[in-house]
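# Understanding the architecture of this molecule
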2 protein chains.
Amino acid sequence: MLFENVGVLKADGTYLPAQYVGIRDSHIVWLSDTPPVEDFGERIDGKDRLLIPGLYNAHTHVAMTLMRGYGEELPLQSWLFDRIFPFEDKLFAEAVYWGSLLGMAEMLSTGTVSFTDMYYFCEETAKAALECGIKANIGRGVSCFDESKRFSDLPAYAELKELIPTYHESGDGRVRIDVAPHAEYTTRPDILRDTAAMAGEYGLRMQIHVSETNKEHLECVGRHGMTPTALLEQTGVLDRPLTVAHGVWLTDTDMERLAKHGTTVAHCAKSNMKLGSGIAQAEKLIRKGVPVAIGTDSAASNNALDMLDEMRMAGLLAKGVSCDPAAFPAATLLQCGTRGGALSQGREDCGDVALGYRADLVMLDMTDIGFCPAHAPLSNLLYGAGSRAVCMTVVDGHILYQNGEFTTLDIERIRLETQRCTDQILRM
Amino acid sequence: MLFENVGVLKADGTYLPAQYVGIRDSHIVWLSDTPPVEDFGERIDGKDRLLIPGLYNAHTHVAMTLMRGYGEELPLQSWLFDRIFPFEDKLFAEAVYWGSLLGMAEMLSTGTVSFTDMYYFCEETAKAALECGIKANIGRGVSCFDESKRFSDLPAYAELKELIPTYHESGDGRVRIDVAPHAEYTTRPDILRDTAAMAGEYGLRMQIHVSETNKEHLECVGRHGMTPTALLEQTGVLDRPLTVAHGVWLTDTDMERLAKHGTTVAHCAKSNMKLGSGIAQAEKLIRKGVPVAIGTDSAASNNALDMLDEMRMAGLLAKGVSCDPAAFPAATLLQCGTRGGALSQGREDCGDVALGYRADLVMLDMTDIGFCPAHAPLSNLLYGAGSRAVCMTVVDGHILYQNGEFTTLDIERIRLETQRCTDQILRM
């Protein structure tokens, strides 16, 4: 595949006009302002088009598209206990499968090539990801409210033991399994220690919710005499490659701990705002040397899985709260939403338009009004047109979405099956 | 025209499934869950479609699409003095015409049926609005930095004298002329008094920027011993029907003054965030009885003219800053973005889907992924799909935008002419 005469935005925000980008065997092997001599097969006209690195959604619960708009404008406790948990109690495997596909379709159509997921019925989400062609780090959520049970007694443990050989250790590494203790307040120190041990044993990455609300943060201090992040350090979780979701109420010392261990924080600005959880200090994290990636969180709290919208929001929020128009500049947002996300998933050869990198690419239509006039492609991308201008999404060199059509998904059926499963759950 | 079997969201957020909406002579004359007996001409299938009141953009400078992305991430003073003002110094009538059309196309394609504008070369914007079919309250900006000049000596005065008979007092009232002193810091008390007198004499509405930045607000107190709002009261401006843009730094007493006079505040959340001006207390204004409408401000600071995105942002910002997920609920956002905007323009029979109201309507495609599943059409509209699902925009019963096509505009030419004018200005 060869993109001809296409504008390229690299992960660091550099704009290269009129490039030739050649793909072979899932990788970018030509990137130049001159055309290659060799034949790359399919030729794609890049006139009036912009090619950017595929977006990495660093934190979501993809099957929760089933709960999009269910439980709006409620306080967090009521949202969880009156709406989300009762709905989830009735979830079944097929619903998670269709809800996952719906979320993947939404992500592909808005330029996301990979996502980090935390949920259960993980096999359904893994199957859906394999079928549709998107990349995913799928974390089996681990929680435990029974004092008598250890990690190895939990269904999550048994499920992980099956998921690892079936999905993580087979195939081409497109779908990976993470170990995902849900949070400090839904587990215990021994569970955290044991999940970290399992991740170490199998070479898996980890995910966890940390300091999303002030209440949760302070209650941990009350319970353990230390912040959630300090507890993660003490239990060995920070020694694993880890993505911390939210991190709204992290202390300066917490940030320094995360920086020391190279832990990524997945910044989920929209979800935190919508649930009234608070405002994470994303730029301070970056200044302190903490890797920052961008996540949408679930469609139950967001209510979209649109990474360009999420990046715009992260930028506007940082500027608005600090009263500094230079806060969280567009180039940094792009870096966090692409290369930062790829690194948080352990995908070293992903997240940029560069020679030798995987061909995870998004093409946008610069004839969209939001790209006119052409003063600044990067800010037109983030603050002008946004995801409505996405016209192609490519994962590992395969076109999965093009001009409103999915190449691997039957979106009409996915919509109908998702609605059917949702209706069935509401009738239970 | 008859919409058949269409879901309707009224301005107050009420959802009515499977309605029949009949239009005759620019007005809605049938709204019922049963079809009318009489023939309404063209029939529009409303299956899987949502009909909402047209959106009212209560504050913008539409021709500033010419400066979209020009001067990003600069502090306000540098943004104005190093980028915007030098660019504007080179503006010419034709550029304003094309830039206005570009902005109108962007608004129509994202569901906006009317806008309140403040700029100069107003005749160009008025001509563009008449040609394209959109509604507009076009305010001639008035500023004065020459102590020897009175209002009647200014070009704005002469221009208003021509605009009023040509545009305001002729035609069907779709395009109206407002008197728009730019701000306290760009005028003087005598200018404010004289503009209010002119508005009174001709029965015109007024617009003004108020307390957008803290600096501007405090400098007014230093200069006049009172806030900008108090000065507007003293100079008679609050006695006119008035839209105040921004109002970020209004005091409680200012809010009470505005409530007493029925002055609308145009809340421009995204622009205020992007320029780092601060965060307006929109919900407090509503609680105090101040009419609130929603504006995008210009594409130079936003960088989009997308009202659904603006309303989403206003909602998320209110929730995020207050840590209250119930803050600025979706139904209130819809009311502010539709009926609230219409009333701020003095259009009493606009801004709702209701019998006897003008047929200013937007239809959205509920097969968009963001509308799936169908738990809550209103939050799916604002927080799920947003403007990408807009498939039809109707003004006074005329379809101006449908499925990506404009009926009155040549978008390809508008894009090229806008770029040509922009390039010309940058070369000067």
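Residues numbered from 1 in each chain as written. Chains lettered and ligands numbered in written order. Predicted model: local features only at pLDDT ≥ 70, side-chain atom pairs only at ≥ 80, totals over all residues. Heavy atoms only, no water.

Residues and elements named next belong to chain A. Taking 1.5 Å as the rise per residue, helix 5 (residues 189–202) with 14 residues should run 20 Å; its terminal C-alpha atoms sit 20 Å apart, in good agreement. Within helix 5 the residues assigned to the buried category are Ile191, Leu192, Thr195, Ala196, Met198 and Ala199. Buried residues of helix 5, seen end-on, are gathered within an arc of 160° and therefore sit on one face of the element. Just past helix 5, the residue Gly203 takes up positive phi, approximately 70°. (Helix = DSSP H or I, 4+ residues; strand = E, 2+ residues; numbered from the N terminus. Expected span 1.5 Å × (residues − 1). Buried < 20%, exposed > 50% of the residue type's maximum accessible area, 1.4 Å probe, protein only. Arc of directions from axis to C-beta.)

Here the focus is the domain arrangement of chain A. Residues and elements named next belong to chain A. Here chain A is partitioned into domain 1 (2–53 + 352–406) and domain 2 (55–344). Put simply, the middle of domain 1 and the middle of domain 2, counted by C-alpha atoms, are 28 Å apart. Sorting the residues of domain 1 by area buried against domain 2 places Leu382, Tyr383 and Ser387 first, and these three jointly supply 28% of that buried surface. Summed over the shared surface of domain 1 and domain 2, the result is 2 salt bridges. Lys135 serves as the salt-bridge partner of Asp396, at 2.8 Å between the closest nitrogen and oxygen. At the junction of domain 1 with domain 2, the criterion picks out 8 residue pairs in polar contact (both at pLDDT 80 or more). Of all the secondary structure elements, the ones that give two or more residues to the side of domain 1 that touches domain 2 are strand 5 (49–53), strand 14 (361–365), helix 13 (377–385), strand 15 (390–395) and strand 16 (398–402). In terms of residue class, the side of domain 1 that touches domain 2 is built from 18 nonpolar, 4 polar and 5 charged. (Domains from an automatic or database assignment. Buried area = accessible area lost by both parts, 1.4 Å probe. Salt bridge = Lys/Arg side-chain N within 4 Å of Asp/Glu carboxyl O. Polar contact = N/O pair within 3.5 Å; in protein donor to acceptor, adjacent residues only side chain to side chain. Nonpolar A, V, L, I, M, F, W, Y, C, P; charged D, E, K, R; others polar.)

Our focus in this paragraph is the pairing of strand 14 of chain A. For a regular strand, the rule is simple: side chains alternate between the two faces of the sheet. Residue and element names in this part refer to chain A. The buried fraction of strand 14 amounts to 5 of the 5 residues, a majority that puts the element mostly inside the structure. Covered by surrounding structure in strand 14 are Leu361, Met363 and Asp365 together with Val362 and Leu364, the residues of both alternating faces. As judged from the 5 bridges shared by strand 5 and strand 14, these two strands associate in the antiparallel manner. Paired with Leu51 across the two strands is Met363, which belongs to strand 14. One ladder, built from 4 bridges, connects strand 14 with strand 15; its direction is antiparallel. Paired with Leu361 across the two strands is Val394, which belongs to strand 15. (Pairing = 2+ DSSP bridges.)

On to the interface of chain A and chain B, then. Between chain A and chain B, the contact holds 65 residues from the first and 65 residues from the second. On the chain A side of the interface with chain B, the three residues burying the most area are Glu73(A), Ile369(A) and His375(A), jointly 16% of the side's total. With a closest N to O distance of 3.5 Å, Arg312(B) and Asp309(A) form a salt bridge. Across the contact surface, chain A and chain B share 22 residue pairs in polar contact (both at pLDDT 80 or more). Elements supplying a minimum of two residues to the side of chain A that touches chain B: helix 1 (76–89), helix 2 (93–109), helix 9 (269–274), helix 11 (307–322), helix 13 and helix 14 (411–427) of chain A. When residues of the side of chain A that touches chain B are assigned to their parent elements, the largest contribution, 8 residues, is made by helix 11 of chain A. Taken together, the residues that form the side of chain A that touches chain B break down as 33 nonpolar, 19 polar and 13 charged. (Contact = heavy atoms within 4.5 Å.)

Turning our eyes to something else, we now look at the pattern of salt bridges. Residue and element names in this part refer to chain A. Under the defined criterion, the tally for this structure stands at 62 salt bridges over all chains. With a closest N to O distance of 2.7 Å, Glu256 and Lys288 form a salt bridge. Linking Glu256 in helix 8 (residues 252–261) with Lys288 in the loop between helix 10 (282–287) and strand 13 (292–294), this pair joins segments that are 32 residues apart in sequence. Accessibility expressed as a relative area gives 27% for Lys288, which makes it partly exposed. The closest approach of N and O atoms between Glu417 and Arg420, which form a salt bridge, is 2.6 Å. With a gap of 3 residues between them, Glu417 and Arg420 both fall in helix 14, about one helical turn apart.

The biggest cluster of nonpolar side chains holds 238 residues, and the ones touching the most others in it are Leu364(A), Leu381(A), Leu364(B) and Leu381(B). Leave out the neighbours within four places in its chain, and Leu364(A) touches Asp48(A), Arg49(A), Leu50(A), Ile52(A), Leu308(A), Phe371(A), Leu381(A), Gly386(A), Ala389(A), Val390(A) and Cys391(A). Met1(A), Phe3(A), Ile23(A) and Ala354(A) belong to the second-largest nonpolar core, a separate cluster that totals 20 residues. (Core = buried A, V, L, I, M, F, W, Y, C linked by side-chain atoms within 4.5 Å.)

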